[in-house]
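Structural characterization, general
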Amino acid sequence: QVQVVESGGGLVQPGGSLRLSCAASGFTFSNYAMTWLRQAPGKGLEWVSRIDTGGGSTIYADSVKGRFTISRDNVKNTLYLQMNSLRPEDTAVYYCARGWGQYDYWGQGTQVTVSS
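Now for a description of the structure that goes with this document.

Conventions and cut-offs
Residues numbered from 1 in each chain as written. Predicted model: local features only at pLDDT ≥ 70, side-chain atom pairs only at ≥ 80, totals over all residues. Heavy atoms only, no water. Helix = DSSP H or I, 4+ residues; strand = E, 2+ residues; numbered from the N terminus. Contact = heavy atoms within 4.5 Å. Core = buried A, V, L, I, M, F, W, Y, C linked by side-chain atoms within 4.5 Å. Buried < 20%, exposed > 50% of the residue type's maximum accessible area, 1.4 Å probe, protein only. Salt bridge = Lys/Arg side-chain N within 4 Å of Asp/Glu carboxyl O. Phe/Tyr/Trp six-rings, centres within 6.5 Å; stacked < 30°, edge-to-face > 60°. Lys NZ or Arg CZ within 6 Å of the ring centre and 35° of its normal.

Turning to the side chain of arginine 98, a few remarks are in order. If you trace the backbone, arginine 98 turns up in strand E9 (residues 92-98). Filtering out sequence-adjacent residues up to four positions away, arginine 98 remains in contact with Val2, Phe27, Tyr32, Ala33, Met34, Tyr103, Asp104 and Tyr105.

It is worth spelling out the nonpolar core at this point. Formed by 27 residues in total, the largest nonpolar core has its most connected members in Trp36, Phe68, Leu79, Leu81, Met83 and Tyr94. Going through the elements one at a time, strand E3 (18-25), strand E4 (34-39), strand E5 (45-51), strand E7 (68-73), strand E8 (78-83), E9 and strand E11 (110-114) are the ones with two or more residues in this core. Looking at this core element by element, the count peaks at four residues for E3. Sequence-distant contacts of tyrosine 94, defined by excluding residues within four places in its chain, comprise Glu6, Leu20, Leu37, Arg38, Val48, Phe68, Leu81, Met83, Gly109, Thr110 and Val112.

The subject of this paragraph is the environment of glycine 8. Note that glycine 8 resides in the loop between strand E1 (3-7) and strand E2 (10-12). Judged by relative accessible area, glycine 8 falls into the partly exposed class, the value being 35%. Sequence separation between glycine 8 and phenylalanine 29 is 21 residues; the distance between their C-alpha atoms is 20 Å. Once residues within four sequence positions are removed from consideration, glycine 8 is found in contact with Leu18, Arg19, Leu20 and Thr110.

Our next topic: the environment of alanine 97. By the secondary structure assignment, alanine 97 is in strand E9. You can call alanine 97 buried: its relative accessible area is 0%. Sequence-wise, alanine 97 and methionine 34 are 63 residues apart; in three dimensions their C-alpha atoms are separated by 5.9 Å. For alanine 97, the contacting residues outside a window of four places in its chain are Met34, Thr35, Leu37, Tyr103, Tyr105 and Trp106.

Counting across every chain of the model gives five salt bridges. The closest approach of N and O atoms between aspartate 90 and arginine 38, which form a salt bridge, is 3.0 Å. Residue aspartate 90 is found in the loop between E8 and E9, and its partner arginine 38 is found in strand E4; the two are separated by 52 residues along the sequence. No difference in accessibility class separates aspartate 90 from arginine 38, as the two residues are buried. Aspartate 62 is the partner of lysine 65 in a salt bridge, and the nearest nitrogen-oxygen pair spans 3.0 Å. Given a relative accessible area of 67%, aspartate 62 falls into the exposed group. Overlapping salt bridges, with partners in common, bring together Arg38, Glu46, Arg67 and Asp90 in one network.

Counting across every chain of the model gives four aromatic pairs. Between tyrosine 95 and tryptophan 106 the ring centres are 6.1 Å apart and the planes differ by 85 degrees, which places this aromatic pair in the edge-to-face class. Linking tyrosine 95 in strand E9 with tryptophan 106 in strand E10 (residues 105-106), this pair joins segments that are 11 residues apart in sequence. By way of ring pairs, the aromatic residues Phe27, Phe29 and Tyr32 are connected into one cluster. Taking the ring centre of tyrosine 80 as reference, the NZ or CZ of arginine 19 above it sits at 4.0 Å. The lysine or arginine in question, arginine 98, covers the ring of tyrosine 32, its NZ or CZ lying 3.9 Å from the ring centre.

Structure, rendered in C-alpha cells:
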C-alpha cells in the first residue's frame, strides 16, 4: 500500500537548522511530484514547498523562500526539506504529500518546534 512517513522533526533554537525526510513506499516515487505542507497551532494548512518528478523544478512559499530547500532522491524514494534560519513562526507539524496542488496521500506528520 502507498505510504509516506515523515521524520526528522524536533526542538530547535531560533536560527537553527533541521532536515526533514519523507520515506515513500508502495508506488513509483519518481512518477509523482511531491509537496511539503505544515500546520501551525490554531492555524490552517499551509503549503511550504513543491518539487517536480525529477527534482528540477521547485517552488517555495514566500514565508520560507531563501531559508528552506526541498530535494528528492528517486533512488532512495525519499523527499527532503532542509530548513535553515528557523524562526518561532516555523513551529508546526510538517507533512509530506503526494501531488502538486492536489494531494492523495499524506504522512502522519513530524513536529517542528522552534523555541529558545
